Amino acid sequence: VTTASDTVLVGRGLLTGTGEALAGISRPGPILLVTDGNVAPLYLETVREDLVSAGFRPREAVLPPGEGTKTLDTVRGLYGELLAIGADRATPVLGLGGGVVTDLAGFAAATFLRGLRWAALPTTLLAQVDASVGGKTGVNLPEGKNLVGAFHQPDLVRIDPDTLRTLEPRQYRSGLAEAAKTAIALDAELLEALETHPERYRAPGDPEVLATLVGRCVAAKAAVVELDEREAGPRRVLNFGHTLGHAIEAAVGYDGVLHGEAVAVGMAAAIRLSVRQGLLPEQDGERLVGLLRALELPVEVTDLPVRPDGARVRKHLARDKKRRGGKQALVLLAAPGTARILEDQDADELL
Ligand SMILES: NC(=O)c1ccc[n+]([C@@H]2O[C@H](COP(=O)([O-])OP(=O)(O)OC[C@H]3O[C@@H](n4cnc5c(N)ncnc54)[C@H](O)[C@@H]3O)[C@@H](O)[C@H]2O)c1
Ligand SMILES: [Zn+2]
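Please read all numbers here as calculations on a predicted model, not as lab measurements.

Student: I keep staring at the overall build of the protein and nothing clicks. Help me out?
Tutor: A tally of helices and strands in the protein yields twelve helices and ten strands. What you see for the protein is a C-alpha radius of gyration of 20 Å, in line with the 20 Å of a compact globule of 351 residues. Across the 351 residues in the protein, those meeting the buried criterion constitute 53%. Contacts in the protein between residues at least 24 apart in sequence constitute 76% of all its contacts with a sequence separation of at least 6. Charged side chains of the protein number 39 positive and 46 negative; the gap between the two group centres comes to 5 Å.

Student: Is there a simple way to think about helix α3 (residues 72-84) in this case?
Tutor: Since one α-helical turn is 3.6 residues long, residues separated by three or four positions face the same way. Counted at 1.5 Å a residue, the expected span for α3 with its 13 residues is 18 Å, and the 18 Å between its end C-alpha atoms agrees. Taken residue by residue, α3 has Thr74, Val75, Leu78 and Leu82 as its buried positions. Each buried residue of α3 lies within a common arc of 100° when the element is viewed along its axis, so the set occupies one face. Along α3, the residues that are exposed and aim more than 90 degrees away from the buried face are Asp73, Arg76 and Leu83. On its buried face, α3 sits against β2 (30-36), β3 (57-63), β4 (93-97), α4 (99-111) and β6 (136-141). Of the residues flanking the end of α3, it is Gly86, one or two places downstream, whose phi is positive at about 65°.

Student: Sorry if this is basic, but what is going on with the environment of Arg340 here?
Tutor: With respect to the secondary-structure elements, Arg340 resides in strand β10 (residues 338-342). On the basis of relative accessibility, which here comes to 43%, the residue Arg340 falls in the partly exposed class. The spatial distance from the C-alpha of Arg340 to the C-alpha of Ala185 is 8.2 Å, given a sequence separation of 155 residues. Every residue in contact with Arg340, bar those within four places of it in the chain, is listed here: Leu279, Leu330, Val331, Leu332 and Ala334.

Student: I would appreciate a short explanation of the packing of helix α10 (residues 259-276) against helix α11 (residues 282-294) in the present structure.
Tutor: Taken N-terminus to C-terminus, the directions of α10 and α11 make an angle of 170°; their axes are 9 Å apart at the nearest point. If you check the angle between α10 and α11, you find them roughly antiparallel. Of the residues in α11, those in contact with Ala264, Met267, Ala268, Ile271, Arg272 and Val275 of α10 are Glu282, Gly285, Leu288, Val289, Leu292 and Arg293. Of the residues that constitute the contact of α10 with α11, the class distribution is eight nonpolar, one polar and three charged.

Student: What is the right way to read the nonpolar core from this model?
Tutor: Membership of the largest hydrophobic core comes to 89 residues, with the highest contact counts inside it found for Val93, Phe240 and Leu292. When neighbours within four sequence positions are excluded, Phe240 is seen to be in contact with Lys181, Ile184, Ala185, Val263, Met267, Ala270, Ile271, Val331 and Leu333. In terms of nonpolar packing, the next biggest core, distinct from the first, is built from 16 residues, Leu22, Ile31, Val39 and Leu96 among them.

Student: I'm lost on the coordination of the zinc ion (ligand 2) in this one. Help?
Tutor: The textbook angles at a metal center are 109.5 degrees for a tetrahedron of four donors and 90 or 180 degrees for an octahedron of six. Listed as protein donors to the zinc ion (ligand 2) are Glu178 (OE), His242 (NE2) and His259 (NE2); their distances from the metal cover 1.8 to 2.1 Å. For the zinc ion (ligand 2), the donor residues sit on a single chain with the sequence spacing E-x63-H-x16-H. Of this pair, Glu178 sits in helix α6 (residues 169-186) while His242 sits in helix α9 (residues 242-251); the two residues are 64 residues apart in sequence, bridging distant segments of the chain. Like His242, Glu178 is buried.

Conventions and cut-offs
Residues numbered from 1 in each chain as written. Chains lettered and ligands numbered in written order. Predicted model: local features only at pLDDT ≥ 70, side-chain atom pairs only at ≥ 80, totals over all residues. Heavy atoms only, no water. Helix = DSSP H or I, 4+ residues; strand = E, 2+ residues; numbered from the N terminus. Rg over C-alpha atoms; globule rule 2.2 N^0.38 Å. Buried < 20%, exposed > 50% of the residue type's maximum accessible area, 1.4 Å probe, protein only. Contact = heavy atoms within 4.5 Å. Lys, Arg positive; Asp, Glu negative; His and termini not counted. Charge placed at Lys NZ, Arg CZ, Asp CG, Glu CD. Expected span 1.5 Å × (residues − 1). Arc of directions from axis to C-beta. Axes fitted to C-alpha atoms, helices over the stretch in contact; angles between N-to-C directions. Parallel < 35°, antiparallel > 145°, perpendicular 65-115°, else oblique. Nonpolar A, V, L, I, M, F, W, Y, C, P; charged D, E, K, R; others polar. Core = buried A, V, L, I, M, F, W, Y, C linked by side-chain atoms within 4.5 Å. Donors = N, O, S within 2.8 Å, 3.2 Å for Na, K, Ca; no water.

Put into structure tokens, the structure is as follows:
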């Protein structure tokens, strides 16, 4: 998949060949390889050997897994590693892991010496279908998620769906929620594939099915991002299910509910609201909520592992509205596979 400013490859076995591909964009020498403690025992050796055989000298930063690592302190540590290998503008950074790792690697690359080249090898379904496309990088502050960051397109993204086999089922399904979002909001053809054979997608099975799923999501996101890199207009359709999803995540303190789980409930709410507002025929609404269920995704707050407090969810929805100057756009559905952005809405309706 080629977009205006980055190149994303999706295919089995792409974890190998990274060294050679990187040599095509930067001269072999030192490289900072960022990963986490879960991914390292699974895939680091393959990537290391590959880099070394292409003439690179990888310096490895193996971070503690989890969202708690996505901080400025961690980035400071990565700057330290870059200094230790005498990095200059030509030194690339490579992120191998989930969205936490790729957001961190990308942000360190965006900011060190005002910008290094970087590449991503995303290994979770969420990172493959979402975080790896679009060039957003960043970290969390104690006050909130993703409050500090930069748009910095990677020079190379290599997505190997075979890495998804080692994911914990819950992590896989969290990513599947984002894939379902892409289908429901943007891609009627993918939606039909999911609806015809939901059992093929519930868990990582047939590698070709996975490669197609990831490839289509990447292509759909890339097409939207290309129109609107800085998220002022059409890119907002990617926020389908996210207004309520984010409020749920915040309400539980980002603990006990995964992003995709919250988004799945948010999508179900947005689908039902689309029906109530007369945008979407009731039958279509039922069909789509049925698909989420068939993919074993939560569609009610009671399906979530932790039940969010309603008053807190409302408070976080109101905060979002305030941040946007009182006006809130909601992403609703005009048809299965076609989202529509409606300005000046009341997000409380989602509740
Ligand atoms: N930049 C963007 O556009 C963008 C988009 C969406 C999400 N994000 C960010 O991504 C982050 C979430 O990403 P995530 O869900 O990938 O979380 P994550 O990086 O924490 O990965 C989830 C878990 O899976 C483990 N893991 C990763 N790959 C594995 C594999 N192949 N096998 C076994 N275990 C593996 C990780 O160690 C971790 O424990 C959030 O911080 C979010 O803000 C960014
Ligand atoms: Zn999301």
